[in-house]
Amino acid sequence: FLRERLVLACRAGAESEGAEFQRFEGDQLDAETFAGAMATLSLFGEARRVWIREGSKMVRGVEETLLAWADAPGEGVFVLVTTARDTDELKFLETLAAKTATVSCGLGPGEGLAWAQRLAQEAGLKLPGATLETLYQAGPDLLSFRQELGKLALHRDAEGRVPAAALERHQVTIAVLSPAA
């Protein structure tokens, strides 16, 4: 979920500065394609933003090209590498993290509920009592929580309140999602 937010910010930054935005899948990217993308001039502006999704799945040649770029980054090129793995799980990720800025997208203690509250506010929802916390704790992650908020948002009134009947119908979903159920 937090990686998705980071990617959206990268894409929005590219749009705001008129930069070209390229997305590559780590497990489908070959060294020649990546080297060519890093060496060519942007077609749509002076800057380029490159996103490599699942960077932990890249082949050795792409890893080497990326590490060489990290030693001497090209002007106007911003590279975002995302992965579900921790940087200390693979030597390549560890080496890349030592050369570049890294952002951990894991949640620390108490951060999940704070993000849940923020998501509810962004969805324009005002939920009674402990409903928000119960809903958050019932799901496996923030992505699932956000999907449940989307369902509730369909029933909200103009002030963001969800009718009790809709919350009661939704309790079946909460019971199914809950690991304690």
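Just so it is clear, the structure is predicted and the values come from calculations on it, not from any experiment.

(A) Examining the packing of helix 5 (residues 111-122) against helix 7 (residues 142-153) more closely. Between helix 5 and helix 7, the shortest axis-to-axis distance is 10 Å and the interhelical angle comes to 30 degrees. When the axis of helix 5 is compared with that of helix 7, the two are roughly parallel. As helix 5 packs across helix 7, the resulting crossing turns out to be right-handed. Mapping the contact onto sequence places Gly112, Trp115, Ala116, Leu119 and Ala120 in helix 5 and Leu142, Phe145, Arg146 and Leu149 in helix 7. Grouping the amino acids of the contact of helix 5 with helix 7 by side-chain chemistry returns 7 nonpolar, 1 polar and 1 charged.

(B) Geometry of the sheet that holds strand 2 (residues 48-53). Ordered by their spatial adjacency, 3 strands build an open sheet running 1-2-3, and the pairing between neighbours is parallel. Each end of this open sheet is capped by a strand with a single partner; those strands are strand 1 (20-25) and strand 3 (77-82). Ignoring which end each strand starts from, the neighbouring axes of this sheet average 15 degrees apart. Pairing between strand 2 and strand 3: 6 bridges, direction parallel. Counted as the bridge partner of Arg49 is Phe78 from strand 3.

Here is what the cut-offs are and how they apply
- Residues numbered from 1 in each chain as written.
- Predicted model: local features only at pLDDT ≥ 70, side-chain atom pairs only at ≥ 80, totals over all residues.
- Heavy atoms only, no water.
- Axes fitted to C-alpha atoms, helices over the stretch in contact; angles between N-to-C directions.
- Helix = DSSP H or I, 4+ residues; strand = E, 2+ residues; numbered from the N terminus.
- Parallel < 35°, antiparallel > 145°, perpendicular 65-115°, else oblique.
- Left-handed = near helix turned anticlockwise from the far one by under 90°.
- Contact = heavy atoms within 4.5 Å.
- Nonpolar A, V, L, I, M, F, W, Y, C, P; charged D, E, K, R; others polar.
- Pairing = 2+ DSSP bridges.

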